[in-house]
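Listed here are the chains, written in short residue letters.
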Amino acid sequence: MAKRIYKSRNKVLFGVCGGIAEFFNIDPTIVRILMLILVFAGFGSGIPIYIVAALIIPERSVDSGYADDNYSNMRDARAGENRNTGNGSSDAEFNSHFTNRK
């Protein structure tokens, strides 16, 4: 199956830069910085390019396997930090380790 580009849910405006970053498997901040450089150094040529991309690039459907993407995995990992899932120490165990020291 061919790899497709979609708008990202990790978005600032329309998800175009995030989607491009996911497609090339790079940090979205890098793509956003490059877009800003294109806007300012290209005398505003990045603005119509971004608008066209926002209109053309499709939204990712719910059943398109988004759960396997990096952003979703990072979000799930952060959510797991807030609760004890059996994969490591709970907050109470962590705190007791340091409070029991003399």
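This structure is a prediction, so every number in the text was calculated from the model and none was measured.

Observations concerning the environment of I56
Then, in step 1: Position of I56 among the secondary structure elements: in helix α3 (residues 46-56).
Then, in step 2: Judged by its relative accessible area of 62%, I56 falls in the exposed class.
Then, in step 3: Counting along the chain gives 49 residues from I56 to K7, while the straight-line C-alpha distance between them is 9.7 Å.

Concerning the side chain of R60
Then, in step 1: Topologically, R60 is positioned in the loop between α3 and α4 (70-81).
Then, in step 2: Polar contacts involving the side chain of R60 include one to the side chain of E22, which spans 3.3 Å.

Focus on the packing of helix α1 (residues 16-24) against helix α2 (residues 28-41)
Then, in step 1: In contact at an axis separation of 8 Å, α1 and α2 are set at 125 degrees when each is read in the N-to-C sense. When the axis of α1 is compared with that of α2, the two are oblique. The way α1 lies across α2 gives a crossing that is right-handed. Counting all contacts with α1, which are made through C17, G18, I20 and A21, the residues of α2 involved are P28, V31, R32 and M35.
Then, in step 2: Looking at the contact of α1 with α2 residue by residue, the class counts come to six nonpolar, one polar and one charged.

What to know about α2
Then, in step 1: Given a rise of 1.5 Å per residue, 14 residues ought to cover 20 Å, and the 20 Å separating the end C-alpha atoms of α2 matches this to within 8%.
Then, in step 2: Turning to α2, its buried residues are P28, V31, M35 and V39. Down the axis of α2, the buried set is contained in an arc of 80 degrees. They therefore lie on one face. Opposite the buried face of α2, by more than 90 degrees, sit the exposed residues L34, F40 and A41.
Then, in step 3: Downstream of α2 by one or two residues, F43 has phi in the positive range, about 55 degrees.

Rules of the game
Residues numbered from 1 in each chain as written. Predicted model: local features only at pLDDT ≥ 70, side-chain atom pairs only at ≥ 80, totals over all residues. Heavy atoms only, no water. Helix = DSSP H or I, 4+ residues; strand = E, 2+ residues; numbered from the N terminus. Buried < 20%, exposed > 50% of the residue type's maximum accessible area, 1.4 Å probe, protein only. Polar contact = N/O pair within 3.5 Å; in protein donor to acceptor, adjacent residues only side chain to side chain. Axes fitted to C-alpha atoms, helices over the stretch in contact; angles between N-to-C directions. Parallel < 35°, antiparallel > 145°, perpendicular 65-115°, else oblique. Left-handed = near helix turned anticlockwise from the far one by under 90°. Contact = heavy atoms within 4.5 Å. Nonpolar A, V, L, I, M, F, W, Y, C, P; charged D, E, K, R; others polar. Expected span 1.5 Å × (residues − 1). Arc of directions from axis to C-beta.

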